[in-house]
Amino acid sequence: MSVQIKSNRKTIVDIKKMKAQGEKIAMLTGYDYGMASILDECAIDIILVGDSLGMVTLGYETTLPVTMEDMLHHTKAVARAAYNSLIVADMPFMSYQSSISAALINAGRFLQEAGAQAVKIEGGREFAETVHRLTVSGIPVMAHIGLTPQSINQLGGYKVQGKKEDAAQKMMEDAKILEEAGAFSVVLELVPEKLAGEISQALTIPTIGIGGGVHCDGQVLVVNDMLGMFDKFTPKHVKKYANLNVEIRRAVKSYIAEVKSRTFPDAEHTFK
Ligand code: KIV
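Residues numbered from 1 in each chain as written. Predicted model: local features only at pLDDT ≥ 70, side-chain atom pairs only at ≥ 80, totals over all residues. Heavy atoms only, no water.

**Observations regarding the sheet that holds strand S5 (residues 141–146)**
Next, step 1: One closed barrel accounts for 8 strands, arranged S1-S2-S3-S4-S5-S6-S7-S8; its pairing is parallel. In this sheet, adjacent strand axes meet at a mean angle of 25° when their direction is disregarded.
Next, step 2: Bridge analysis of S5 against strand S6 (residues 185–189) gives 5 bridges, and the strand direction is parallel. Residue pairing for S6: Ile145 is matched across the bridge by Leu188.
Next, step 3: Here helix H4 (residues 68–81) sits on the sheet and contacts strand S2 (46–49) and strand S3 (86–90); the angle it forms with S2, its principal contact strand, is near 155°. (Pairing = 2+ DSSP bridges. Helix = DSSP H or I, 4+ residues; strand = E, 2+ residues; numbered from the N terminus. Axes fitted to C-alpha atoms, helices over the stretch in contact; angles between N-to-C directions. Contact = heavy atoms within 4.5 Å.)

What follows is the structure, given as structure tokens:
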């Protein structure tokens, strides 16, 4: 079934203009209707339906098991909530790597069935032709280089990328090639601040950093991380703007205690 894009949403043209005008871009991930409604009402520039949902909402150890059907399901929920923000959907592992025609068919589903306005693809020059074919077909692409979690088995861990001179140079070249191929923006994940700044300077399209430092044209965080939903481990690049884990535990424990002690429901919450 096709979907209607709500007309006041930001577009990729607005996002590119923000860089030209020196306005920083704020992006957060979102995975469901409730959270996306809050993000959209707060006027976040971009909501990314990230495949991090595999780890954050589905309980997988990596993003690799996430399927197209998982991504479409969550993107539809987020898109229903979005009146203001640009909606970008992550292409999951193996939805675009096998062939350009697979990439076209799968990316098209995000726009046609789920209400996203753009897709995100992990990888450098090896996906330049894919980026080109998608963009000339009317599917805007956000590129993603640096630490690319779908390649975790190749990279051997969630480590900062581009520290050595040759890796830094390759990343710079990849960024330029992806811009040339038609990407409208590029995520820089776990990249040294200086290199991320140099890439941001070299490109006309915006860079969006996650662990990329302040010189990127925008920032993205996983919403559950910045809200402090987890108490186990906080990566260095994550700033917690709230501590919801503690708040939720407090609320749930109060509820349990009140049910057990028969103080909930009280008169105020009961029908006569
Ligand atoms: O899946 C995701 O949430 C992402 C961001 C961290 C950039 O790719």
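**Quick notes on helix H8 (residues 165–181)**
Next, step 1: Taking 1.5 Å as the rise per residue, H8 with 17 residues should run 24 Å; its terminal C-alpha atoms sit 24 Å apart, in good agreement.
Next, step 2: Restricting attention to buried positions, one finds in H8 the residues Ala168, Met171, Met172, Asp174, Ala175, Leu178, Glu179 and Ala181.
Next, step 3: Buried positions along H8 lie against helix H6 (128–136), S5 and helix H9 (193–202).
Next, step 4: After H8 finishes, the residue Gly182 shows a positive phi value of roughly 120°. (Expected span 1.5 Å × (residues − 1). Buried < 20%, exposed > 50% of the residue type's maximum accessible area, 1.4 Å probe, protein only.)

**Considering the domain arrangement of the protein**
Next, step 1: Looking at the protein, the domain boundaries give domain 1 (12–241) and domain 2 (244–272).
Next, step 2: Distance between the C-alpha centres of domain 1 and domain 2: 39 Å.
Next, step 3: Counting residues at the interface gives 5 residues for domain 1, matched by 4 residues for domain 2.
Next, step 4: Across the domain 1 to domain 2 interface the summed buried area is about 370 Å²; carbon plus sulfur atoms make up 49%.
Next, step 5: For the domain 1 face of the interface with domain 2, the top three residues by lost area are Leu227, Met229 and Asp231, together amounting to 80%.
Next, step 6: At the boundary of domain 1 with domain 2, the tally comes to 0 salt bridges.
Next, step 7: At the surface where domain 1 touches domain 2, the tally comes to 4 residue pairs in polar contact (both at pLDDT 80 or more). (Domains from an automatic or database assignment. Buried area = accessible area lost by both parts, 1.4 Å probe. Salt bridge = Lys/Arg side-chain N within 4 Å of Asp/Glu carboxyl O. Polar contact = N/O pair within 3.5 Å; in protein donor to acceptor, adjacent residues only side chain to side chain.)

**Focus on H6**
Next, step 1: Taken together, the buried positions of H6 are Ala128, Thr130, Val131 and Leu134. Within H6, the buried residues cover an arc of 160° as seen down the axis, which keeps them to one side.
Next, step 2: Looking at the buried residues of H6, the elements they touch are helix H5 (100–112), strand S4 (118–122), S5 and H8.
Next, step 3: Directly beyond the C-terminal end of H6, a positive phi value near 95° is found at Gly138. (Arc of directions from axis to C-beta.)

**Side note on the site of the ligand**
Next, step 1: Within the structure, the ligand sits among Thr29, Leu48, Gly50, Asp51, Ser52, Asp90, Lys120, His144 and Ile210.
Next, step 2: A distance of 3.1 Å is found between an oxygen atom of the ligand and a side-chain nitrogen or oxygen belonging to Asp90.
Next, step 3: Within the complex, 95% of the 260 Å² of free accessible area of the ligand lies under protein. (Near = heavy atom within 4 Å. Areas by Shrake-Rupley, 256 points an atom, 1.4 Å probe, with all protein chains shown as cover.)

**Some details on the side chain of Thr148**
Next, step 1: Counting through the fold element by element, Thr148 comes out in the loop between S5 and helix H7 (152–155).
Next, step 2: Discounting chain neighbours no more than four positions away, the residues touching Thr148 are Glu122, Gly123 and Leu155.

**A word on the environment of Pro140**
Next, step 1: With respect to the element layout, Pro140 can be found in the loop between H6 and S5.
Next, step 2: With 54 residues separating them in the primary sequence, Pro140 and Leu86 have C-alpha atoms 11 Å apart.
Next, step 3: Residues within four places of Pro140 in sequence aside, it is in contact with Ile12, Leu111, Gln117, Ala118, Val119 and Phe184.

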